[in-house]
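# Structural overview for review
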Amino acid sequence: MRLSVPGRGATAAVIAVAALLTTSAISTAATGTTAPTRAAAPDIPVANVKAHLSQLQSIASANGGNRAHGSAGYKASLDYIKGKLDAAGYTTTVQQFTSSGRTGYNLIADWPGGDPNQVIMSGSHLDSVSRGAGINDNGSGSAAVLETALAVSREQYKPTKHLRFAWWGAEELGLVGSSYHVRNLPAAERTKIKGYLNFDMIGSPNPGYFVYDDDPAIERTFKNYYAGLNIGTEPEREGDGRSDHTPFKNAGVPVGGVFTGASTAKTSTQAQKWGGTAGQAFDRCYHSSCDTSANINNTALDRNSDAVAYAVWGLSQ
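The structure displayed is predicted, hence computed values, not measured ones.

### Digging into the overall build of the protein chain
The helix and strand inventory of the protein chain stands at 10 helices and 8 strands. Looking at the protein chain as a whole, 55% of its 317 residues are labelled buried. Carbon together with sulfur atoms contributes 50% to the accessible area of the protein chain, which is approximately 12100 Å² in total.

### Observations concerning the packing of helix 2 (residues 46-61) against helix 4 (residues 135-155)
Contact pair helix 2 / helix 4: the axes reach a minimum separation of 8 Å and the direction vectors enclose 130°. One way to sum up the angle between helix 2 and helix 4 is to call them oblique. Crossing hand, helix 2 versus helix 4: right-handed. Residues Asn48, Val49, His52, Leu53, Leu56 and Gln57 of helix 2 form the contact with helix 4, whose own contacting residues are Ile135, Gly139, Ser140, Ala143, Ala144, Leu146, Glu147, Leu150 and Arg154. Taken together, the residues of the contact of helix 2 with helix 4 break down into 8 nonpolar, 5 polar and 2 charged.

### Observations regarding the state of the cysteines
Taken as a whole, this structure holds 1 disulfide when the rule is applied. Each disulfide pairs two cysteine sulfurs, and for Cys285 the partner residue is Cys290, the sulfurs being separated by 2.1 Å. On the S-S bond that ties Cys285 to Cys290, the torsion sits near -115°, and the link is left-handed. Cys285 sits in the buried class, given a relative accessible area of 12%.

### Focus: helix 3 (residues 72-87)
If you check helix 3, its first and last C-alpha atoms are 22 Å apart, about what 16 residues at 1.5 Å a residue would give, namely 22 Å. Every buried residue of helix 3 is listed here: Gly73, Tyr74, Ser77, Leu78, Tyr80, Ile81 and Leu85. Mapping the buried residues of helix 3 onto a view down its axis gives an arc of 155°, with all of them on the same face. Exposed positions of helix 3 whose direction lies more than 90 degrees from the buried face are Ala72 and Ala87. On the buried face of helix 3, the contacting elements are helix 2, strand 1 (91-99), strand 2 (102-110), helix 4 and strand 4 (161-168). Phi for Gly89, located one or two positions after helix 3, is positive at around 100°.

### As for the packing of aromatic side chains
Counted by the stated rule, this structure contains 15 aromatic pairs. On the basis of an interplanar angle of 90° and a centroid distance of 5.3 Å, the ring pair of Phe210 and Phe282 is categorised as edge-to-face. Of the two residues, Phe210 sits in strand 6 (residues 210-211) while Phe282 sits in the loop between helix 9 (268-274) and helix 10 (298-315), which places them 72 residues apart along the sequence. With respect to class, Phe210 is no different from Phe282; both count as buried. Three or more aromatic residues link up through ring pairs in this structure, and these residues are Tyr209, Phe210, Tyr225, Tyr226, Phe259, Trp274, Phe282 and Tyr310.

### Focus: the pairing of strand 8 (residues 255-259)
Along strand 8, 5 of the 5 residues are buried, which leaves the element largely enclosed by surrounding structure. A two-sided burial pattern is seen for strand 8, the buried positions comprising Val255, Gly257 and Phe259 on one face and Gly256 and Val258 on the other. Sheet topology note: the strand 5 (residues 193-199)/strand 8 ladder contains 4 bridges and is parallel. Paired with Leu197 across the strands is Gly256, a residue of strand 8.

### Re helix 7 (residues 216-228)
Taking 1.5 Å as the rise per residue, helix 7 with 13 residues should run 18 Å; its terminal C-alpha atoms sit 18 Å apart, in good agreement. Regarding helix 7, the residues found buried are Ile218, Glu219, Thr221, Phe222, Tyr225 and Tyr226. Relative to the axis of helix 7, the buried residues are bounded by an arc of 155° and lie together on one face.

### So, the environment of Gln57
In this fold, Gln57 is placed in helix 2. Residue class for Gln57 comes out buried when judged on its relative accessible area of 16%. In this structure, the C-alpha to C-alpha distance between Gln57 and Ser77, residues 20 residues apart in sequence, is 9.5 Å. In this view, Gln57 contacts Ala133, Ile135, Thr292 and Ser293; residues no more than four positions away in its chain are not counted.

### Remarks on the packing of helix 2 against helix 3
Packed helices, taken two at a time, are described by the angle between their axes plus the distance between the axes. Remark: helix 2 packs on helix 3, axes separated minimally by 9 Å, with the N-to-C direction vectors making an angle of 150°. By the angle class used here, helix 2 and helix 3 are roughly antiparallel. Helix-helix and strand crossings are classified by hand; for helix 2 and helix 3 the assignment is right-handed. On the side of helix 2, the interface is formed by His52, Gln55, Leu56 and Ile59, while helix 3 contributes Gly73, Ala76, Ser77, Tyr80 and Lys84.

### Describing the nonpolar core
Note on soluble globular proteins: their nonpolar side chains tend to be buried together. Judged by nonpolar contacts, the single largest core of 66 residues is most densely connected at Leu85, Tyr90, Phe165, Trp167, Leu197 and Phe222. It is helix 10 that contributes the most residues to this core, 10 residues altogether. Those residues in contact with Phe165, other than ones at most four positions away along the chain, are Tyr90, Leu107, Ile108, Ala109, Ser122, Val145, Thr148, Ala149, Val152 and Val312. Ranked by size, the runner-up nonpolar core spans 12 residues in total, among them Ile108, Val119, Met121 and Tyr196.

Cut-offs applied
- Residues numbered from 1 in each chain as written.
- Predicted model: local features only at pLDDT ≥ 70, side-chain atom pairs only at ≥ 80, totals over all residues.
- Heavy atoms only, no water.
- Helix = DSSP H or I, 4+ residues; strand = E, 2+ residues; numbered from the N terminus.
- Buried < 20%, exposed > 50% of the residue type's maximum accessible area, 1.4 Å probe, protein only.
- Areas by Shrake-Rupley, 256 points an atom, 1.4 Å probe, with all protein chains shown as cover.
- Axes fitted to C-alpha atoms, helices over the stretch in contact; angles between N-to-C directions.
- Parallel < 35°, antiparallel > 145°, perpendicular 65-115°, else oblique.
- Left-handed = near helix turned anticlockwise from the far one by under 90°.
- Contact = heavy atoms within 4.5 Å.
- Nonpolar A, V, L, I, M, F, W, Y, C, P; charged D, E, K, R; others polar.
- Disulfide = S-S within 2.5 Å.
- Expected span 1.5 Å × (residues − 1).
- Arc of directions from axis to C-beta.
- Phe/Tyr/Trp six-rings, centres within 6.5 Å; stacked < 30°, edge-to-face > 60°.
- Pairing = 2+ DSSP bridges.
- Core = buried A, V, L, I, M, F, W, Y, C linked by side-chain atoms within 4.5 Å.

This is how it looks when you write it as structure tokens:
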């Protein structure tokens, strides 16, 4: 997540999926038929997500300690993710742009099939700040989106709608990559995107559970997921206007997502609800050199990785 500027559990999850999505055994008096069963989202193994984070940490460590825009670390991060997606059967596109005199890249991955006029898109920014490896901000979202995309391939999922995944460059410089992408989409293509889901910082070490409240249907999907885990949520406010959903929202695309908090301090009420330490930032290493692979809450990462899949499956059927 960029700096603030003005304007700016597997079993429970499966139960929640069933509660939200299952429509089997509902008879229709007119036809005597039953509605087809909708596919439930798979559990996303947190070990797989953490393996991606380990790779991003290794890339940063080998490239001056960061994965910032225009750096070798960023390009190596993009190449790592692209290689995984290519091997899994995705059609990948690298979109190039220039910012601050350096070349940046977005990565777009399309899963074959689904209605091309109804696109569900999930994305995260892949760049870090120059001061650190950016493992929570935003390796966490990038790794969870990647592993969800790989789960689509493993399951050979056949959604009704078309699935698209994206990793954005230069978010930390002001949402540059995602803004470039949206600005260069023809209006007819923008209208095909029926939902953009954004995942920026989903493994904060002192986590909260925040849900974007921009689009009611997407918000309800995530809140239903957390309700299945008996976790109360709050509307996401700290990141308003500060992450890659913003260009899509401004272009009229329905947006949503989840977030575990950045530099804002957790209140005592939030600590009672979610655990953790009151009076301490959700992420004390936000935009700092200590945002390493040690700066992740595994439980939050696990829950929110499953939330990504839950929303992708639920909204694409």
